[in-house]
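What follows is the residue order along each chain.
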Amino acid sequence: MTSTLPAEATETATGRTTEVVPAKIPPAPGRTTAPGTRPAPGQAGTGDQHQLDQQRPDQHQLDQRPHDKRRLLIRPVVRFRTSRADLVLCAALLLVIMAVQGWNIQHYPTLSDDEGTYLAQAWAVQQGDGLAHYTYWYDHPPLGWIQIAALTWLPSLIAPESMTVGAMRFAMLLVSAASAVLLYILARRLWLPRWAAALAMGLFGLSPLSVVLQREIFLDNIAVMWMLLAFCLAASPNRHLWHHFAAGIAAAVGVLTKETMLIVLPAVLVTMWRNGHPDTRKFAVTGAITACALIGLSYPLFALLKGELLPGDGHVSLWDGVTYQMSRPGSGFVLDTGSGSHGVLRSWLYYDRILLLGGMAGALLLLLTVRWSVTARALAGPALAVAILTAVAMRPSGYLPAMYVIQGLPFLALMLAGGAASVSHALLRRGRRPDEPRGLTAVRWTAVVALVAASAAYVAPRWYEGNRTALTADANAPYRAAASWMATEVPDPAGTRVLVDDAMWLDLVHAGYRPGLGAIWFYKADLDPAVTKTMPGGWRDIDYVVASPTVRRDARDLPRVRDALNHSEAVAVFGDGEDRIEIRRITDAADVAGTAGAEGGER
């Protein structure tokens with residue numbers, strides 16, 4: 001079912017191909033034949049041809065009608081599947097993006113505990129051991145790592161030992177590729193010219209900030225892919241009602257992949273409303289909201305059916321998980337130089353200030369010009385997404401994780417490309433007349449070329465330095481060396497208990513350590529009753545601690561882990577400085593590692 005009248009393609013004064021919905025011609029008074037039915041030869045009917053000819057305006061009257069630019073600029077016809085130029089340009093850019101993001105992906109950036117956690121939970125799903133490698137406590141909806149389990153299923157089936165963080169990062173290239181293509185399609189559906197859509201795709205895929213973060217196994221990357229699909233369906237040029245229902249479903253999947261994407265839903269609805277047909281947009285938006293809500297309610301329904309919706313004795317609950325996430329200690333105001341949020345902002349700006357600041361400036365420009373700019377009106381939804389994400393990040397007492405910016409990367413790229421399209425249109429076309437002197441036209445083009453050259457001169461060296469590090473540095477050599485030592489130097493892995501962060505947890509499992517109670521995710525030694533009850537002697541029930549930067553940093557809040565560090569000695573050290581990894585063996589002597597533990601705690 002479609003919500004549009006038949007449309008035809010026409011050329012506007014600006015040379016853009018658009019769809020124009022033909023006006024309905026009212027039937028002649030007394031007409032009895034069905035619409036679209038021709039009278040039989042010789043049949044006059046009550047509404048004869050002469051009456052119809054009198055009602056139909058002649059060509060002179062059509063030519064004298066005032067030129068209504070808003071009527072002509074209804075919707076560009078962009079058929080991605082049949083546009084060879086779009087297909088070739090998008091494919092070429094995709095190859096470049098995949099080459100840059102895939103090169104050196106196992107070695108940079110440094111493996112993170114979050115990556116290891118999501119992959120370990122995906123491994124548990126593959127093994128049929130439940131929704132997590134320990135007790136699932138509703139910290140996030142499980143759909144995210146279920147998708148990771150699907151993405152990594154085939155390689156883990158062929159080579160089970162490859163189910164480690166570094167190797168499985170290659171699976172994220174599929175997510176990055178899908179997101180980049182969806183962003184190009186969205187840009188074209190939102191009226192951006194081909195070059196601007198290519199610019200948005202390039203900014204999104206080649207920014208040093210994107211190259212670093214999109215390589216990592218984060219739920220945010222998968223959620224962004226689903227949200228981009230929702231935007232593409234909401235801006236579908238066909239405007240089928242099922243496209244809008246599917247947009248609601250895709251948005252719900254995005255939220256169930258990473259719940260923080262919930263704040264972007266209003267932007268999807270704005271895009272759907274602006275691109276929907278006036279006669280059916282209310283039904284479309286209502287259907288999308290209904291579909292999104294029904295899919296989203298499956299998560300609390302799952303908890304209810306398991307008897308884990310509300311708190312109770314002897315079990316986890318969805319309520320406790322939500323309460324924990326909502327009550328996490330804030331990281332401070334992002335503009336307060338002494339806050340953790342400011343440190344996260346500085347890390348983003350270190351990799352790329354162009355996409356971050358330029359995208360926010362582009363969003364501000366488009367929001368300020370939405371009343372008289374066609375591009376600004378078309379990009380109102382993504383601009384709203386940038387505004388919402390920025391407002392949430394600016395909360396004075398909120399918690400700002402390092403991967404939060406992933407959710408805004410495609411919209412920032414779209415805003416920067418949209419701002420560039422608006423500026424180029426203003427320079428080349430605004431106020432231009434058919435009889436404009438060639439000298440003035442040359443001045444316009446000279447200004448555009450100068451802006452492009454200045455932008456390239458500013459961006460290229462900064463992006464080169466940022467991406468050169470990602471393409472050449474090896475930040476994970478200490479992890480690989482530590483995993484190799486634990487696999488070869490410990491005589492009885494199956495009977496050894498090791499505290500380790502999740503970035504190396506699967507490496508130890510593949511090396512023969514018992515998952516869960518042999519290779520122990522160090523947080524669980526203090527926080528999971530199922531693990532702590534197997535350690536009545538506390539630190540004495542541990543044999544080794546793999547003291548990575550994450551373990552040393554968080555040990556000060558974990559008494560058992562802190563005691564294990566203080567009663568251990570280093571038997572192997574890999575790397576140096578704060579990024580070193582120590583293999584520490586538990587001893588009976590007290591405070592052997594007191595200095596090392598304190599040093600790590602200050603990191």
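Residues numbered from 1 in each chain as written. Predicted model: local features only at pLDDT ≥ 70, side-chain atom pairs only at ≥ 80, totals over all residues. Heavy atoms only, no water.

Within the protein, the regular secondary structure consists of 30 helices and seven strands. Within the protein, buried positions represent 49% of all 603 residues. In the protein, of all internal contacts separated by at least 6 residues, the share reaching a separation of at least 24 is 71%. (Helix = DSSP H or I, 4+ residues; strand = E, 2+ residues; numbered from the N terminus. Buried < 20%, exposed > 50% of the residue type's maximum accessible area, 1.4 Å probe, protein only. Contact = heavy atoms within 4.5 Å.)

Core analysis: the biggest nonpolar cluster contains 156 residues, and Met227, Leu414, Met486 and Trp505 have the highest contact counts within it. Here the element with the most residues in this core is helix H12 (residues 219-234); it accounts for 12 residues. Setting aside anything within four residues of it in sequence, one finds Leu414 in contact with Leu183, Leu186, Ala187, Leu190, Leu192, Ala200, Leu379 and Pro382. (Core = buried A, V, L, I, M, F, W, Y, C linked by side-chain atoms within 4.5 Å.)

What follows deals with unusual backbone geometry. The residue after Tyr108, namely Pro109, is reached through a cis peptide bond having omega 0°. Along the chain, the position of Pro109 falls in the loop between helix H4 (84-102) and helix H5 (113-127). A positive phi angle, near 65°, is found at Tyr138, a position not held by glycine. Looking at the secondary structure, you find Tyr138 in the loop between H5 and helix H6 (143-151). You can call Tyr138 buried: its relative accessible area is 2%.

Now for the confidence of the model for the protein. Residues shown with low pLDDT carry predicted positions that ought not to be read at fine detail. Averaged over every residue, the pLDDT of the protein is 85; the share at 70 or more is 84%. Below pLDDT 50 for its whole length, residues 65-75 participates in 23 contacts with residues either more than four positions away or in separate chains. The low-confidence segment residues 592-603 (pLDDT under 50) makes 25 contacts with residues lying over four places distant or belonging to another chain. (pLDDT = per-residue confidence, 0-100.)

Another point: a nonpolar patch on the surface. A cluster of nonpolar side chains, contributed by Trp153, Leu154, Leu157 and Ile158, occupies part of the molecular surface with about 460 Å² of accessible area. With respect to the helices and strands, the residue Trp153 is situated in helix H7 (residues 153-158). For Trp153, a relative accessible area of 49% gives the class partly exposed. (Patch = residues over 30% accessible without salt bridge, like charges linked within 9 Å, V, L, I, M, F, W, Y side chains within 5 Å. Areas by Shrake-Rupley, 256 points an atom, 1.4 Å probe, with all protein chains shown as cover. Salt bridge = Lys/Arg side-chain N within 4 Å of Asp/Glu carboxyl O.)

What follows covers empty space enclosed by the protein. Counting across every chain of the model gives three cavities of 30 Å³ or more. Of the voids in this model, the largest cavity is the one considered here, and its volume is about 50 Å³. In terms of lining, the largest cavity is formed by Val175, Ser176, Ser179, Phe204, Gln214, Asn221, Val224, Ile406 and Leu409. Among the elements of the structure, helix H9 (171-189) and H12 are those that each provide at least two residues to the lining of the largest cavity. (1 Å grid on protein atoms, 1.4 Å probe; cavity = no way out; pocket = protein on both sides within 12 Å on 5 of 7 lines; lining within 4 Å. Points joined across faces, edges and corners; volume = space filled by probe spheres on them.)

Let's shift gears to the sheet that holds strand S6 (residues 568-574). Taken together, the five strands give an open sheet; going across it, the order is S4-S3-S5-S7-S6, and neighbouring strands pair in mixed fashion. The open sheet has two edge strands, strand S4 (519-521) and S6, and neither has a second partner. In this sheet, adjacent strand axes meet at a mean angle of 25° when their direction is disregarded. One ladder, built from four bridges, connects strand S5 (residues 544-547) with strand S7 (residues 581-586); its direction is antiparallel. By the bridge assignment for S7, Val545 is matched with Arg584. (Pairing = 2+ DSSP bridges. Axes fitted to C-alpha atoms, helices over the stretch in contact; angles between N-to-C directions.)

Attention shifts here to the environment of Gly340. One can find Gly340 in helix H18 (residues 340-351). Assessed through its relative accessible area of 42%, Gly340 is described here as partly exposed. For the pair Gly340 and Tyr399, spaced 59 residues apart in sequence, the C-alpha to C-alpha distance is 8.8 Å.

Bringing the environment of Ser373 into the picture now. Position of Ser373 relative to the elements: it lies in the loop between helix H19 (353-368) and helix H20 (374-378). For the pair formed by Ser373 and Ser422, sequence separation is 49 residues and the distance between their alpha carbons is 8.0 Å. In terms of polar contacts, Ser373 uses its side chain to reach the backbone amide nitrogen of Ala376, at 3.1 Å. (Polar contact = N/O pair within 3.5 Å; in protein donor to acceptor, adjacent residues only side chain to side chain.)

Inspection of the entire model under this criterion finds 12 aromatic pairs. Here the aromatic rings of Trp137 and Tyr324 are separated by 5.3 Å at their centres, their planes lie at 70°, and the arrangement is edge-to-face. Note that Trp137 is positioned in the loop between H5 and H6 and Tyr324 in helix H17 (residues 318-326), a separation of 187 residues in sequence. Between Tyr138 and Phe302 the ring centres are 6.4 Å apart and the planes differ by 50°, which places this aromatic pair in the tilted class. (Phe/Tyr/Trp six-rings, centres within 6.5 Å; stacked < 30°, edge-to-face > 60°.)

Closest axis-to-axis distance for the helix H24 (residues 477-488)/helix H25 (residues 502-510) pair is 10 Å, and the angle between their directions is 35°. When you trace H24 past H25, the crossing you get is right-handed. Across the interface between the two elements, Tyr479, Ala482, Ala483 and Met486 of H24 pack against Ala503, Met504, Asp507 and Leu508 of H25. Grouping the constituent residues of the contact of H24 with H25 by class yields seven nonpolar, no polar and one charged. (Left-handed = near helix turned anticlockwise from the far one by under 90°. Nonpolar A, V, L, I, M, F, W, Y, C, P; charged D, E, K, R; others polar.)

As a further point, take the environment of Tyr544. Tracing the backbone shows Tyr544 in strand S5. In sequence terms Tyr544 and Ile586 are 42 residues apart; their C-alpha atoms lie 5.7 Å from each other. Contacts of Tyr544, omitting those with residues within four sequence positions, involve Trp485, Met486, Val490, Thr496, Arg497, Val498, Leu499, Val571, Ile583, Arg584, Arg585 and Ile586.

What follows is about the pairing of S6. Every other side chain in a regular strand lies on the same face of the sheet, so the side chains alternate between the two faces. Pairing geometry for S6 and S7, over six bridges, is antiparallel. In the sheet register, Phe574 faces S7, and the bridge partner there is Ile581. With antiparallel pairing between neighbouring strands as the criterion, S6 and S7 make up a hairpin whose turn holds six residues, including Gly575 at a positive phi of roughly 85°.

What follows deals with the pattern of salt bridges. On inspection of all chains with the given rule, the structure shows 14 salt bridges. Of the charged contacts in the structure, one is a salt bridge between Arg194 and Asp86, with a shortest N-O distance of 3.2 Å. Of the two residues, Arg194 is situated in helix H10 (residues 194-206) and Asp86 in helix H4; the sequence distance between them amounts to 108 residues. For Asp86, a relative accessible area of 1% puts it in the buried group. Each member of the salt-bridge network shares a partner with another, and the members are Asp86, Arg188 and Arg194.

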